[in-house]
Amino acid sequence: MQPDTFTELYPLFSAASPETVEWLLSVATHHEYPANRAVVMEDAWGNAVYFIEAGWVKVRRHVDDRFITLAVLGKGDFFGEMAILDESPRSTDVVAMTAVTLMSISAQRFIQTLFKDSQLHHRLLQLMVQRLRQTNLRLQLRQQPPAVKLANTLVSLQEAYGQPVEAGVEILNMTPQDLADLSDITAEEANKIMAKLTEKGWVISDPNRAVLTLTSPKQLAHLAGRL
């Protein structure tokens, strides 16, 4: 991967020095996982930070007798930074939702890089604060109707990972249970709301490509209370 492509793909490295980018590319390891394969297991010690080159993964936690999806991450995002920064076991699993290509950088090398490149360190803190704000938003929505919660989830995924196409914006077409977990609603509520949005023509599902097209982003943003 060329340095320009690298910094364009990963917003985290947009502020890194050219020397930092060149060095990281030289020490990175690449991995490929099929859909439904565990990438990182819960309670494993953090020994690397992972960067998504292609595909989608979900972060999940085991609660009682099932797994709950906490986040969905796509191309250009990263995970594993928390475990190496506080030097503790991971508290979640990361599972490939589709075929996924990842790049990893060992914990030791990543931390060394943060000490050497203050701009990269600052950029990492900015992105971690963005994630914290997303968590705070979900907490603020807890008393909102299910449709508002789900619309916020779709809008957030669109803002982070949406790919513009002629019909609208494409995001991952995930299972009702994953969508329900992310929205803090039940799978039954998620099914009903998605059926209504499909009926309105605001979303179009393409199960053959695992893609959901948001045909009316503005209407969804309005439903989510973003406009």
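Residues numbered from 1 in each chain as written. Predicted model: local features only at pLDDT ≥ 70, side-chain atom pairs only at ≥ 80, totals over all residues. Heavy atoms only, no water.

## Here we look at the environment of Ala71
Next up, step 1: For Ala71, the location among the structural elements is in strand E5 (residues 66-73).
Next up, step 2: Given the relative accessible area of 25%, Ala71 is considered partly exposed.
Next up, step 3: As a C-alpha pair, Ala71 and Lys58 span 13 residues in sequence and 5.7 Å in three-dimensional space.
Next up, step 4: Discounting chain neighbours no more than four positions away, the residues touching Ala71 are Val57, Lys58, Val59 and Leu182. (Helix = DSSP H or I, 4+ residues; strand = E, 2+ residues; numbered from the N terminus. Buried < 20%, exposed > 50% of the residue type's maximum accessible area, 1.4 Å probe, protein only. Contact = heavy atoms within 4.5 Å.)

## Some details on helix H6 (residues 146-161)
Next up, step 1: With 16 residues, H6 should cover 22 Å at 1.5 Å per step; its first-to-last C-alpha distance of 22 Å lies within 8% of that length.
Next up, step 2: Of all 16 residues in H6, 12 are buried, a share of seventy percent or more.
Next up, step 3: Listed as buried for H6 are Val148, Lys149, Leu150, Ala151, Asn152, Thr153, Leu154, Val155, Ser156, Leu157, Gln158 and Tyr161. (Expected span 1.5 Å × (residues − 1).)

## Focus: the sheet that holds strand E2 (residues 38-40)
Next up, step 1: With respect to topology, 4 strands assemble into an open sheet ordered E2-E7-E4-E5, the strand pairing being antiparallel. At either margin of the open sheet sits one strand with a lone partner, and together these are E2 and E5. Adjacent strand axes in the sheet meet at a mean angle of 35°, parallel and antiparallel pairs treated alike.
Next up, step 2: Here strand E4 (residues 57-63) runs beside strand E7 (residues 93-96); their pairing, made up of 4 bridges, is antiparallel. Residue pairing for E7: Val57 is matched across the bridge by Ala96.
Next up, step 3: Docked against the sheet, helix H7 (residues 176-183) engages E4 and E5, running at close to 75° with respect to E5. (Pairing = 2+ DSSP bridges. Axes fitted to C-alpha atoms, helices over the stretch in contact; angles between N-to-C directions.)

## Some points on the pattern of salt bridges
Next up, step 1: For the structure on display, the rule yields 11 salt bridges.
Next up, step 2: Here Asp77 makes a salt bridge to Arg131, at a shortest N to O gap of 2.7 Å. In this pair, Asp77 sits in the loop between E5 and strand E6 (78-79) while Arg131 sits in helix H5 (residues 118-140), placing the two residues 54 residues apart along the sequence.
Next up, step 3: By relative accessible area, which is 27% here, Arg131 ends up partly exposed.
Next up, step 4: Salt-bridge contacts for Asp184 lead to Lys149; the nearest nitrogen and oxygen are separated by 3.8 Å. On the criterion of sequence distance, the pair formed by Asp184 in the loop between H7 and helix H8 (187-200) and Lys149 in helix H6 is long-range, its members being 35 residues apart.
Next up, step 5: For Asp184, a relative accessible area of 42% gives the class partly exposed.
Next up, step 6: What emerges from the salt-bridge pattern is a single network uniting Asp77, Glu81 and Arg131. (Salt bridge = Lys/Arg side-chain N within 4 Å of Asp/Glu carboxyl O.)

## Here we look at the packing of helix H4 (residues 107-116) against H5
Next up, step 1: At a minimum axis distance of 5 Å, the contact between H4 and H5 shows a crossing angle of 110°. It follows that H4 is roughly perpendicular to H5 by the angle criterion. On the side of H4, the interface is formed by Phe110, Thr113, Leu114 and Lys116, while H5 contributes Ser118, Leu120, His121 and Leu124.
Next up, step 2: Among the residues making up the contact of H4 with H5, the classes are represented as 4 nonpolar, 3 polar and 1 charged. (Parallel < 35°, antiparallel > 145°, perpendicular 65-115°, else oblique. Nonpolar A, V, L, I, M, F, W, Y, C, P; charged D, E, K, R; others polar.)

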